[in-house]
Amino acid sequence: METAWGFSADEWTAVRLSLRVASVATLASLPFALLVAWLLVRTRFPGKALLNGLVHLPLVLPPVVTGYVLLLLFGRRGPLGVFFESWFGLVFSFRWTGAALASAVMGFPLMVRAIRLSLEAIDRRLEDAGATLGAGPVWVFLLVTLPLALPGILAGLILGFAKAMGEFGATITFVSNIPGETQTLPAAIYTLTQVPGGDAAALRLTALSVALSMAALIASEWLATRLSRRVGSA
């Protein structure tokens, strides 16, 4: 049964689930990405290089390894999985929440990098001027640093969202491929390529995935260009 634009109900379910997972993953990652980027740019502490390495580790590890580590930590018997289920009633393994967690972990390095570059481009004299006028560190961050870093933050959000939409390896290893629960857009495409007559549907979803990813890259590049121009004119 086909619905709007030739997509079946199951395909739309996968698209909607992907949007839900990517949105939750991106928004939940943002506060942590801001904190980590700020720590890497503005502070000095023992283990800074180790933190930077851990943040970017998902970029170089095979996604299956990342997914397996998440399964060990956040599975029903994993230490963090038991903690979150006992205290918050939150279950990750074989749930869409686990897909959001895996997507967040995979997209986190891209968010941190974009925000970090934005923070590094800020003229520290502007922050010093705010402090000179009597603003405390928190108000300087909220009223000076955050607005100036906004293009980088938005670029990081877009890149993180795009990565979450396309995440497959870590997700399928951690939460499997359950239709309606954890079957996101990439998992649906993979499933369709494995069944007879699924090529047309897989092609439709692939085209949609490419369009969404391209739109995200163009938007991110546009924001980066705006940031460069603003910094250059400052």
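Refer to the preceding data block for the structure.
None of the values given here were measured: they were computed from a predicted structure. For every chain, the first residue of its written sequence is number 1, and the numbers climb from 1 along that sequence. Totals for whole chains, interfaces and linings use every residue, but because this is a predicted model, local features are given only for residues with pLDDT of at least 70 and side-chain atom pairs only at 80 or more, for both listing and counting. With hydrogens and water stripped out, all remaining heavy atoms of the structure feed into the side-chain values.

Digging into the overall build of the protein
For the record, the criterion: A run of DSSP states H or I qualifies as a helix once it reaches four residues; a run of E qualifies as a strand once it reaches two. Both are numbered from the N-terminal end. Each residue's exposure class comes from its accessible area (1.4 Å probe, protein chains only) as a fraction of the maximum for that residue type: buried when under 20%, exposed when over 50%, partly exposed otherwise. Residue contacts are counted whenever heavy atoms from the two residues lie within 4.5 Å of one another. Residue exposure ignores everything except the shown protein chains as possible cover, and the areas themselves are Shrake-Rupley values with a 1.4 Å probe. The charge count includes Lys and Arg as positive and Asp and Glu as negative, but it does not include His or the ends of the chains. One atom stands in for each charge, and that atom is NZ of Lys, CZ of Arg, CG of Asp or CD of Glu.
Secondary structure summary: the protein contains 10 helices and zero strands in total. In the protein, the succession of helices and strands from N to C terminus is α-α-α-α-α-α-α-α-α-α. With respect to the principal axes defined by its C-alpha atoms, the protein has extents near 65 × 40 × 30 Å. Per-residue burial for the protein yields a buried fraction of 40% across its 234 residues. The long-range share in the protein, meaning contacts at least 24 apart out of those at least 6 apart in sequence, stands at 70%. Carbon and sulfur atoms provide 70% of the accessible area of the protein, an area that totals close to 13000 Å². Charged side chains in the protein number 17 positive and 12 negative. The centres of these two groups are separated by 8 Å.

What to know about helix α7 (residues 137-166)
Just so we agree on the cut-off: Every helix has an expected span of 1.5 Å times one less than the residues it contains. Two axes enter the bend calculation: one fitted to the seven residues ending at the residue in question, the other to the seven starting there, and the bend is the angle between them.
Relative to the 44 Å expected for 30 residues at 1.5 Å per residue, α7 spans just 38 Å between its end C-alpha atoms, considerably shorter than the ideal helical length. The principal kink in α7, of about 55°, is found at L150, preceding the proline P151 by one to four residues.

Things to note about the side chain of T97
For T97, the location among the structural elements is in helix α5 (residues 96-120). Apart from residues lying up to four places away in sequence, T97 is in contact with L90, V91 and F92.

Observations regarding the side chain of T184
Note that T184 resides in the loop between α8 (169-175) and α9 (185-193). Contact partners of T184, with chain neighbours within four places excluded, come to A14, L17, S18, V21 and E167.

Some details on the packing of helix α3 (residues 63-74) against α5
Here is the rule we go by: Structural elements are reduced to axes, namely lines fitted to C-alpha atoms, with helices fitted over the stretch in contact, and the angle between N-to-C directions of any two is expressed from 0 to 180 degrees. Working definition: roughly parallel below 35 degrees, roughly antiparallel above 145 degrees, roughly perpendicular at 65 to 115 degrees, and oblique for all remaining angles. Less than a right angle of anticlockwise turn of the near helix away from the far helix marks a crossing as left-handed, whereas a clockwise turn marks it as right-handed.
At a minimum axis distance of 11 Å, the contact between α3 and α5 shows a crossing angle of 130°. Taken together, α3 and α5 sit at an angle that is classed as oblique. The chirality of how α3 crosses α5 is right-handed. Contact residues: P63, T66, L70 and F74 in α3; L101, A102, V105 and M106 in α5.

A closer look at the packing of aromatic side chains
What counts here: Within 6.5 Å between ring centres, the rings of Phe, Tyr and Trp (the latter by its six-membered ring) count as paired, and their orientation is classed by plane angle as stacked under 30 degrees, edge-to-face over 60, tilted in between. A ring is scored as having a charge over it whenever the NZ atom of a lysine or the CZ atom of an arginine sits within 6 Å of its centre and within 35 degrees of its normal.
Taken as a whole, this structure holds eight aromatic pairs when the rule is applied. Ring centres of F83 and W87 lie 6.4 Å apart, and the angle between their planes is 40°; this geometry places the pair in the tilted category. Residue F83 and its partner W87 are both found in helix α4 (residues 79-88); the two are separated by four residues, about one turn of the helix. Judged by relative accessible area, W87 falls into the exposed class, the value being 66%. Through successive ring pairs, a cluster of aromatic residues spans F74, F83, F84, W87, F88 and F92. The positively charged end of R20 is found above the aromatic ring belonging to W96, 3.8 Å away from the centroid.

Let's talk about the packing of helix α2 (residues 48-60) against α5
Definition in use: Any residue that is not Ala, Val, Leu, Ile, Met, Phe, Trp, Tyr, Cys, Pro, Asp, Glu, Lys or Arg is counted as polar, Gly included; the first ten are nonpolar and the last four charged.
For the pair α2 and α5, the least separation of the axes is 7 Å and the interaxial angle reads 125°. The orientation of α2 relative to α5 falls into the category oblique. Pair α2 / α5 crosses with left-handed handedness. Touching N52, V55, H56, P58 and L59 of α2 are V105, M106, F108, P109, L110, V112, R113 and R116, all from α5. A class-by-class count of the residues in the contact of α2 with α5 yields nine nonpolar, two polar and two charged.

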